[in-house]
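Chain by chain, the residues run as shown.
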Amino acid sequence: QVHLVESGGGLVQPGGSLRVSCAASGSTFSITDMGWYRQGPGKERELVATITRGGSTKYGDSVKGRFTISRDNAKNTVYLQMNSMKPEDTAVYYCHARSVVVAADWDVNDHWGQGTQVTVSS
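Small disclaimer: the values here were computed from a predicted structure and weren't measured. Position numbers for residues count from 1 along each chain, tracking the sequence in the order it is written. Residue-level local features of this predicted model are given only where pLDDT is at least 70; pairs of side-chain atoms are given and counted only at 80 or more, and the full residue set underlies all totals for whole chains, interfaces and linings. Excluded from the side-chain calculations are hydrogens and water; all other atoms, namely the structure's heavy atoms, are used.

## Examining the overall build of the chain
- Broken down by element type, the chain carries 0 helices and 11 strands.
- With the radius of gyration taken over C-alpha atoms, the globule rule is written as 2.2 Å times the number of residues to the power 0.38. The C-alpha radius of gyration of the chain comes to 14 Å, within 12% of the 14 Å expected for a compact globule of 122 residues.
- Expressed along its principal axes, the backbone C-alpha trace of the chain runs to roughly 50 × 25 × 25 Å.
- Counting over 122 residues, the chain shows a buried share of 39%.
- The long-range fraction of contacts in the chain, counting pairs at least 24 apart against all pairs at least 6 apart in sequence, stands at 54%.
- Working convention for charge: Lys and Arg count positive, Asp and Glu count negative, and His plus the chain ends are omitted. Every charge is mapped onto a representative atom, which is NZ of Lys, CZ of Arg, CG of Asp or CD of Glu. Separation between the mean location of the 12 positive side-chain charges and that of the 11 negative ones in the chain comes to 6 Å. Helix and strand definitions here come from DSSP, where helices need a minimum of 4 consecutive H or I residues and strands a minimum of 2 consecutive E residues; each element is numbered from the N-terminal end. Buried, partly exposed and exposed residues are distinguished by accessible area as a fraction of the type maximum, computed with a 1.4 Å probe on protein chains only: under 20%, between the cut-offs, and over 50%, respectively. Should any heavy atoms of two residues lie within 4.5 Å, those residues are considered in contact.

## Let's talk about the pairing of strand 9 (residues 91–101)
- Bridge count between strand 4 (residues 31–39) and strand 9: 7 bridges; the pairing is antiparallel. Each bridged residue has a counterpart across the sheet, and for Gln39 the counterpart in strand 9 is Val92.
- For two strands to be treated as a pair, DSSP must find at least two bridges joining them. With 3 bridges connecting them, strand 9 and strand 11 (residues 116–120) associate as antiparallel partners. Paired with Val92 across the two strands is Gln117, which belongs to strand 11.
- In the sheet, strand 9 pairs with strand 10 (residues 107–112) via 6 bridges, with the strands oriented antiparallel. Each residue of the ladder has a partner; that of Arg98, found in strand 10, is Asp110.
- In this antiparallel pair of consecutive strands, strand 9 and strand 10, the connection spans 5 residues, and Asp105 shows a positive phi of 55 degrees.

## Thoughts on the state of the cysteines
- When two cysteine sulfur atoms are found within 2.5 Å, that pair is recorded as a disulfide. Overall, the coordinates contain 1 disulfide when judged by the stated rule.
- Sulfur-sulfur distance for the disulfide between Cys22 and Cys95 comes to 2.0 Å. Every disulfide takes its handedness from the sign of the S-S torsion; for Cys22 and Cys95 that torsion is -85 degrees, giving left-handed. In this pair, Cys22 sits in strand 3 (residues 18–26) while Cys95 sits in strand 9, placing the two residues 73 residues apart along the sequence. A single burial state applies to Cys22 and to Cys95, both of which are buried.

## Notes on the pattern of salt bridges
- Take a side-chain nitrogen of Lys or Arg and a carboxyl oxygen of Asp or Glu: if they are within 4 Å of each other, that pair is a salt bridge. Summed over the entire model, instances satisfying the criterion amount to 5 salt bridges.
- The shortest N-O distance in the salt bridge between Arg38 and Asp89 comes to 2.9 Å. On the criterion of sequence distance, the pair formed by Arg38 in strand 4 and Asp89 in the loop between strand 8 (77–82) and strand 9 is long-range, its members being 51 residues apart. Taken as a pair, Arg38 and Asp89 share a single burial class, namely buried.
- Close ionic contact of Asp89 with Arg66 constitutes a salt bridge, the shortest N to O distance being 2.8 Å. Of this pair, Asp89 sits in the loop between strand 8 and strand 9 while Arg66 is found in the loop between strand 6 (57–59) and strand 7 (67–72), placing the two residues 23 residues apart along the sequence. Both residues of the pair, Asp89 and Arg66, belong to the buried class.
- Among the ionic contacts, a cluster of salt bridges with common partners joins Arg38, Glu46, Arg66 and Asp89.

Structure below.
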């Protein structure tokens, strides 16, 4: 199993910056992709950013040019650097990890953290 714990959420002013972190534990050897999703008030969950084990990244249209995802494989941790933040970035941010168990016929599992609140307000 994989356990994900987010940290670093909080209150930030519009135009400010914040970095959230997600530490993975458990069967971390099986993790391939990691990423961040968010869900704002009255909105559906949406993709923020993903990153592969090799470092290839994808971003949601609403955060391109402002957010940067990175990971430290040695620490089993993924980060999301958020710059030029806007009120519409206010949401619960969820860490995600996908694991693939080769020995189990390439079984694929998705894992989610508990979420961390990010609020952009003056």
